[in-house]
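This is what each chain is made of:
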Amino acid sequence: MPVVHVDLKRGGYAHDLHSAPVAARIRAIAGDPRCRRVLGSIPCTTWSPARSAPGEGWLSHSKPMRRCSLGDDRRTGVPGPDGKLPEAVEKANACADLLADACASCFGNGGDYIIETTPSRGRGAAYPIRGREDHVGMLDHPSMVKLAGTTGAHVLHFDQCMTRDDPELCPEKKTVLLYSPRLAAVITREFAPLMCNHSAGVHPSMLGLSSGGEARSSQWEQYSSNMNARLARCLGHESAPAGGAVGARAAAAGAERA
Ligand SMILES: [Zn+2]
(Lines give C-alpha, C1' and ligand atoms only; values in the text may rest on other atoms or scores of the structure.)
Protein backbone atom coordinates (compact mmCIF):
# COMPACT_ATOMS: atom_id res chain seq x y z
CA MET A 1 0.00 0.00 0.00
CA PRO A 2 1.67 3.32 -1.02
CA VAL A 3 1.80 5.78 1.88
CA VAL A 4 1.51 9.58 1.69
CA HIS A 5 3.48 10.89 4.66
CA VAL A 6 2.57 14.33 5.95
CA ASP A 7 5.23 15.14 8.48
CA LEU A 8 6.99 18.42 9.24
CA LYS A 9 10.19 16.50 9.90
CA ARG A 10 10.12 15.14 6.34
CA GLY A 11 8.59 17.95 4.36
CA GLY A 12 9.02 21.16 6.32
CA TYR A 13 6.62 23.94 5.32
CA ALA A 14 5.28 21.86 2.42
CA HIS A 15 3.83 19.50 5.04
CA ASP A 16 2.48 22.16 7.42
CA LEU A 17 -1.15 21.30 8.25
CA HIS A 18 -1.76 24.95 9.17
CA SER A 19 -1.10 26.03 5.60
CA ALA A 20 -4.33 26.45 3.57
CA PRO A 21 -2.99 24.85 0.34
CA VAL A 22 -1.64 21.87 2.30
CA ALA A 23 -4.98 21.46 4.09
CA ALA A 24 -6.86 21.61 0.76
CA ARG A 25 -4.56 18.96 -0.73
CA ILE A 26 -5.05 16.68 2.28
CA ARG A 27 -8.83 17.01 1.99
CA ALA A 28 -8.56 16.12 -1.71
CA ILE A 29 -6.34 13.07 -1.08
CA ALA A 30 -8.48 11.79 1.80
CA GLY A 31 -11.60 12.24 -0.32
CA ASP A 32 -10.17 10.15 -3.18
CA PRO A 33 -11.71 6.65 -3.13
CA ARG A 34 -8.18 5.20 -3.50
CA CYS A 35 -7.38 6.47 0.02
CA ARG A 36 -7.98 3.37 2.16
CA ARG A 37 -6.54 4.43 5.55
CA VAL A 38 -5.85 7.60 7.51
CA LEU A 39 -3.55 7.55 10.53
CA GLY A 40 -3.62 10.92 12.27
CA SER A 41 -1.68 12.37 15.15
CA ILE A 42 -1.61 16.15 15.45
CA PRO A 43 0.18 18.30 18.06
CA CYS A 44 -1.82 18.08 21.29
CA THR A 45 -0.15 21.04 23.04
CA THR A 46 -3.27 23.14 23.55
CA TRP A 47 -5.13 20.08 24.88
CA SER A 48 -2.24 18.83 27.02
CA PRO A 49 -3.33 17.71 30.51
CA ALA A 50 0.02 19.04 31.79
CA ARG A 51 -1.52 22.51 31.38
CA SER A 52 -4.26 21.69 33.87
CA ALA A 53 -1.91 20.20 36.45
CA PRO A 54 -2.22 22.13 39.69
CA GLY A 55 1.40 22.91 40.42
CA GLU A 56 4.13 25.16 41.62
CA GLY A 57 6.99 26.87 39.82
CA TRP A 58 6.68 26.84 36.06
CA LEU A 59 3.46 24.83 36.25
CA SER A 60 1.68 27.69 37.99
CA HIS A 61 2.35 29.81 34.86
CA SER A 62 1.03 27.15 32.51
CA LYS A 63 -2.67 27.90 32.26
CA PRO A 64 -5.18 25.67 30.46
CA MET A 65 -6.05 27.10 27.04
CA ARG A 66 -9.37 25.24 27.13
CA ARG A 67 -11.63 24.10 29.91
CA CYS A 68 -15.04 22.66 30.49
CA SER A 69 -16.37 23.74 33.85
CA LEU A 70 -19.91 22.92 34.88
CA GLY A 71 -22.10 25.44 33.07
CA ASP A 72 -19.10 27.04 31.29
CA ASP A 73 -18.06 25.14 28.18
CA ARG A 74 -14.81 26.53 26.74
CA ARG A 75 -13.69 23.36 25.00
CA THR A 76 -12.88 25.26 21.80
CA GLY A 77 -10.70 27.69 23.73
CA VAL A 78 -10.57 30.30 26.46
CA PRO A 79 -10.59 33.80 24.90
CA GLY A 80 -7.84 36.22 25.84
CA PRO A 81 -8.39 39.68 27.38
CA ASP A 82 -9.24 40.99 23.88
CA GLY A 83 -12.09 38.50 23.62
CA LYS A 84 -10.36 36.55 20.86
CA LEU A 85 -9.05 33.01 20.94
CA PRO A 86 -5.26 32.74 21.10
CA GLU A 87 -3.78 32.02 17.68
CA ALA A 88 -2.33 28.71 18.87
CA VAL A 89 -5.81 27.54 19.85
CA GLU A 90 -7.39 28.66 16.57
CA LYS A 91 -4.70 26.81 14.61
CA ALA A 92 -5.09 23.68 16.73
CA ASN A 93 -8.88 23.78 16.25
CA ALA A 94 -8.45 24.03 12.47
CA CYS A 95 -5.98 21.15 12.55
CA ALA A 96 -8.39 18.93 14.51
CA ASP A 97 -11.20 19.82 12.10
CA LEU A 98 -8.98 18.92 9.14
CA LEU A 99 -8.07 15.56 10.64
CA ALA A 100 -11.72 14.79 11.47
CA ASP A 101 -12.75 15.70 7.90
CA ALA A 102 -10.01 13.52 6.39
CA CYS A 103 -11.06 10.53 8.53
CA ALA A 104 -14.76 11.05 7.72
CA SER A 105 -14.03 11.25 3.97
CA CYS A 106 -11.93 8.09 3.98
CA PHE A 107 -14.52 6.24 6.04
CA GLY A 108 -17.28 7.45 3.71
CA ASN A 109 -15.44 5.73 0.85
CA GLY A 110 -15.25 2.44 2.76
CA GLY A 111 -11.81 3.11 4.26
CA ASP A 112 -10.68 3.14 7.88
CA TYR A 113 -8.92 5.54 10.22
CA ILE A 114 -6.95 5.70 13.45
CA ILE A 115 -6.35 8.86 15.50
CA GLU A 116 -3.73 8.80 18.26
CA THR A 117 -3.71 11.38 21.04
CA THR A 118 -3.52 12.12 24.78
CA PRO A 119 -6.58 11.03 26.76
CA SER A 120 -9.04 13.37 28.44
CA ARG A 121 -8.49 13.71 32.16
CA GLY A 122 -11.57 15.74 33.15
CA ARG A 123 -14.78 14.71 34.85
CA GLY A 124 -16.50 11.84 33.13
CA ALA A 125 -13.26 10.75 31.37
CA ALA A 126 -12.15 7.11 31.37
CA TYR A 127 -8.99 8.04 33.32
CA PRO A 128 -9.74 11.28 35.19
CA ILE A 129 -7.07 12.93 37.33
CA ARG A 130 -8.09 14.60 40.57
CA GLY A 131 -7.63 18.35 40.36
CA ARG A 132 -8.09 18.42 36.57
CA GLU A 133 -11.87 18.09 36.45
CA ASP A 134 -12.13 20.86 33.85
CA HIS A 135 -9.59 19.29 31.47
CA VAL A 136 -10.61 19.06 27.81
CA GLY A 137 -8.95 16.43 25.63
CA MET A 138 -8.63 16.51 21.84
CA LEU A 139 -11.33 13.86 21.49
CA ASP A 140 -13.72 16.27 23.29
CA HIS A 141 -13.32 18.74 20.42
CA PRO A 142 -16.68 19.16 18.59
CA SER A 143 -15.45 17.87 15.20
CA MET A 144 -13.95 14.78 16.89
CA VAL A 145 -17.16 14.11 18.82
CA LYS A 146 -19.08 14.39 15.54
CA LEU A 147 -16.66 12.04 13.75
CA ALA A 148 -16.99 9.48 16.54
CA GLY A 149 -20.80 9.69 16.37
CA THR A 150 -21.20 9.51 12.61
CA THR A 151 -18.73 6.63 12.14
CA GLY A 152 -19.56 4.62 15.27
CA ALA A 153 -15.92 4.97 16.37
CA HIS A 154 -14.31 2.89 19.10
CA VAL A 155 -11.73 4.08 21.63
CA LEU A 156 -8.93 2.14 23.29
CA HIS A 157 -6.45 3.28 25.96
CA PHE A 158 -2.94 1.88 26.34
CA ASP A 159 0.39 2.78 27.95
CA GLN A 160 3.31 3.59 25.66
CA CYS A 161 5.87 2.39 28.26
CA MET A 162 4.85 -1.14 27.28
CA THR A 163 6.28 -0.53 23.81
CA ARG A 164 9.69 0.58 25.14
CA ASP A 165 12.58 -1.38 26.60
CA ASP A 166 13.57 0.37 29.81
CA PRO A 167 10.76 1.53 32.15
CA GLU A 168 13.22 3.55 34.24
CA LEU A 169 14.01 5.76 31.27
CA CYS A 170 10.52 6.41 29.90
CA PRO A 171 7.20 7.75 31.24
CA GLU A 172 4.07 5.59 31.34
CA LYS A 173 2.41 7.90 28.78
CA LYS A 174 -1.20 6.82 28.71
CA THR A 175 -2.49 7.16 25.16
CA VAL A 176 -5.86 6.85 23.45
CA LEU A 177 -6.78 5.64 19.97
CA LEU A 178 -10.03 6.62 18.26
CA TYR A 179 -10.70 4.38 15.26
CA SER A 180 -13.29 3.10 12.84
CA PRO A 181 -15.14 -0.01 14.04
CA ARG A 182 -13.86 -2.33 11.29
CA LEU A 183 -10.39 -2.12 12.87
CA ALA A 184 -11.63 -3.18 16.31
CA ALA A 185 -10.30 -6.75 16.26
CA VAL A 186 -6.77 -5.96 15.09
CA ILE A 187 -6.41 -2.87 17.31
CA THR A 188 -7.61 -4.83 20.34
CA ARG A 189 -5.08 -7.55 19.56
CA GLU A 190 -2.18 -5.12 19.14
CA PHE A 191 -2.90 -2.53 21.82
CA ALA A 192 -5.26 -3.84 24.53
CA PRO A 193 -2.51 -5.90 26.26
CA LEU A 194 -0.34 -2.78 26.68
CA MET A 195 -1.30 -1.93 30.27
CA CYS A 196 1.56 -0.67 32.44
CA ASN A 197 2.65 -3.40 34.86
CA HIS A 198 5.82 -1.66 36.04
CA SER A 199 6.28 -1.04 39.76
CA ALA A 200 4.99 2.19 41.24
CA GLY A 201 7.41 5.09 40.97
CA VAL A 202 9.66 3.44 38.40
CA HIS A 203 8.80 5.82 35.56
CA PRO A 204 10.26 9.35 35.38
CA SER A 205 7.69 12.19 35.27
CA MET A 206 6.79 13.85 31.97
CA LEU A 207 6.06 17.13 33.77
CA GLY A 208 8.54 19.96 34.02
CA LEU A 209 11.44 21.11 31.90
CA SER A 210 14.56 19.26 30.85
CA SER A 211 18.03 20.66 31.56
CA GLY A 212 17.88 22.04 28.00
CA GLY A 213 14.75 24.06 28.87
CA GLU A 214 12.35 22.01 26.75
CA ALA A 215 9.12 20.52 28.09
CA ARG A 216 10.05 17.01 29.24
CA SER A 217 6.95 15.63 27.53
CA SER A 218 8.17 16.69 24.06
CA GLN A 219 10.97 14.11 23.85
CA TRP A 220 8.33 11.38 24.10
CA GLU A 221 6.29 12.59 21.13
CA GLN A 222 8.17 10.23 18.82
CA TYR A 223 6.71 6.72 18.75
CA SER A 224 8.86 3.72 19.64
CA SER A 225 9.70 1.26 16.83
CA ASN A 226 7.55 -1.31 18.59
CA MET A 227 4.54 1.06 18.52
CA ASN A 228 5.18 1.90 14.85
CA ALA A 229 5.16 -1.79 13.98
CA ARG A 230 1.85 -2.31 15.81
CA LEU A 231 0.24 0.65 14.02
CA ALA A 232 1.56 -0.62 10.69
CA ARG A 233 -0.02 -4.04 11.30
CA CYS A 234 -3.34 -2.35 12.12
CA LEU A 235 -3.22 -0.19 8.98
CA GLY A 236 -2.23 -3.12 6.79
CA HIS A 237 -4.98 -5.30 8.17
CA GLU A 238 -7.57 -6.16 5.55
CA SER A 239 -10.88 -5.50 7.26
CA ALA A 240 -13.98 -7.36 6.14
CA PRO A 241 -14.81 -6.29 2.58
CA ALA A 242 -17.00 -3.29 3.00
CA GLY A 243 -16.77 -1.22 -0.16
CA GLY A 244 -17.71 2.38 -0.52
CA ALA A 245 -21.43 1.75 -0.41
CA VAL A 246 -21.34 0.05 2.99
CA GLY A 247 -19.08 2.76 4.35
CA ALA A 248 -21.41 5.44 3.10
CA ARG A 249 -24.41 3.63 4.56
CA ALA A 250 -22.70 3.35 7.93
CA ALA A 251 -21.90 7.04 7.84
CA ALA A 252 -25.47 7.89 6.91
CA ALA A 253 -26.83 5.71 9.70
CA GLY A 254 -24.48 7.47 12.10
CA ALA A 255 -25.65 10.85 10.91
CA GLU A 256 -29.25 9.88 11.59
CA ARG A 257 -28.32 8.89 15.13
CA ALA A 258 -26.37 12.09 15.75
ZN1 LIG B 1 4.89 1.29 32.70
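These numbers were taken from a predicted model, which means no experiment stands behind them. (Residues numbered from 1 in each chain as written. Predicted model: local features only at pLDDT ≥ 70, side-chain atom pairs only at ≥ 80, totals over all residues.)

(A) Geometry of the overall build of the chain. Helix and strand counts for the chain come out as seven helices and six strands. Across the chain, helices and strands are ordered from the amino to the carboxyl terminus as α-α-β-β-β-α-β-α-β-β-α-α-α. Every one of the 258 residues in the chain was classed for burial, and the buried ones make up 32%. Contacts in the chain between residues far apart in sequence, at least 24 positions, make up 67% of those at least 6 positions apart. (Helix = DSSP H or I, 4+ residues; strand = E, 2+ residues; numbered from the N terminus. Buried ≥ 20, exposed ≤ 12 C-beta atoms within 10 Å, placed from the backbone. Contact = placed C-beta atoms within 7 Å.)

(B) Here's a closer look at the nonpolar core. Leu-99, Ala-102, Cys-103, Tyr-113, Leu-177, Leu-178 and Tyr-179 are the most contacted members of the largest nonpolar core, which totals 42 residues. Of all elements in the fold, only α2 (20–31), α3 (87–108), β4 (112–117), α4 (142–151), β6 (174–179) and α5 (184–191) reach the threshold of two or more residues within this core. Of the residues forming this core, the biggest block, 12 residues, is contributed by α3. (Core = buried A, V, L, I, M, F, W, Y, C linked by C-beta atoms within 7 Å.)

(C) Structural detail: the sheet that holds strand β1 (residues 37–40). What the four strands build is an open sheet, ordered β1-β4-β6-β5; its pairing is mixed. The open sheet has two free edges, formed respectively by β1 and β5 (154–159), since each of these has just one partner strand. When the angles between neighbouring strand axes are averaged without regard to direction, this sheet yields 15°. Bridge count between β1 and β4: four bridges; the pairing is parallel. Following the sheet pairing, Leu-39 is matched in β4 by Ile-114. The strands touched by α5 within the sheet are β5 and β6, with β5 carrying the most contacts at an inclination of about 10°. (Pairing = 2+ DSSP bridges. Axes fitted to C-alpha atoms, helices over the stretch in contact; angles between N-to-C directions.)

(D) Spotlight on unusual backbone geometry. One non-glycine residue, Lys-173, lies in positive phi territory at about 50°. Of note, Lys-173 is situated in the loop between β5 and β6. Residue Lys-173 is classed as partly exposed on the basis of its 19 C-beta neighbours within 10 Å.

(E) Expanded view of the packing of α2 against α3. Running from N to C, α2 and α3 cross one another at 20°; their axes reach a closest spacing of 8 Å. By the angle class used here, α2 and α3 are roughly parallel. When the axes of α2 and α3 are compared, the crossing they make is right-handed. Along its contact with α2, which presents Ala-23, Ile-26, Arg-27, Ala-30 and Gly-31, the element α3 presents Leu-98, Asp-101, Ala-102, Ser-105 and Cys-106. (Parallel < 35°, antiparallel > 145°, perpendicular 65-115°, else oblique. Left-handed = near helix turned anticlockwise from the far one by under 90°.)

(F) Spotlight on the packing of α5 against helix α6 (residues 225–236). Contact geometry of α5 with α6 gives a least axis separation of 9 Å together with a crossing angle of 165°. As the angle between them shows, α5 and α6 are arranged roughly antiparallel. Where α5 crosses over α6, the handedness of that crossing is right-handed. Residue-level contacts link Val-186, Ile-187, Glu-190 and Phe-191 of α5 to Arg-230, Arg-233 and Cys-234 of α6. Of the residues in the contact of α5 with α6, the class split is four nonpolar, no polar and three charged. (Nonpolar A, V, L, I, M, F, W, Y, C, P; charged D, E, K, R; others polar.)

(G) Structural detail: the confidence of the model for the chain. Of all residues in the chain, 84% attain a pLDDT of 70 or more, and the chain-wide mean is 86. The low-confidence segment residues 241–258, where pLDDT is below 50, has 29 contacts with residues more than four positions distant or belonging to other chains. (pLDDT = per-residue confidence, 0-100.)

(H) Molecular detail of the environment of Ala-148. As for its position among the elements, Ala-148 is in helix α4. Note on Ala-148: 21 C-beta atoms within 10 Å, which makes it buried. For the pair formed by Ala-148 and Pro-181, sequence separation is 33 residues and the distance between their alpha carbons is 10.0 Å.

(I) Seen up close, α5. When α5 is considered as a whole, its buried residues turn out to be Ile-187, Glu-190 and Phe-191. Angular distribution of buried residues about the axis of α5 spans 75°; they occupy a single face of the element. On the buried face of α5, the contacting elements are β5, β6 and α6. (Arc of directions from axis to C-beta.)

(J) The environment of Ile-114, seen in detail. Mapped onto the secondary structure, Ile-114 falls in strand β4. Here Ile-114 is in contact with Leu-39, Leu-177, Tyr-179, Leu-183, Leu-231 and Cys-234, once residues within four sequence places are set aside.

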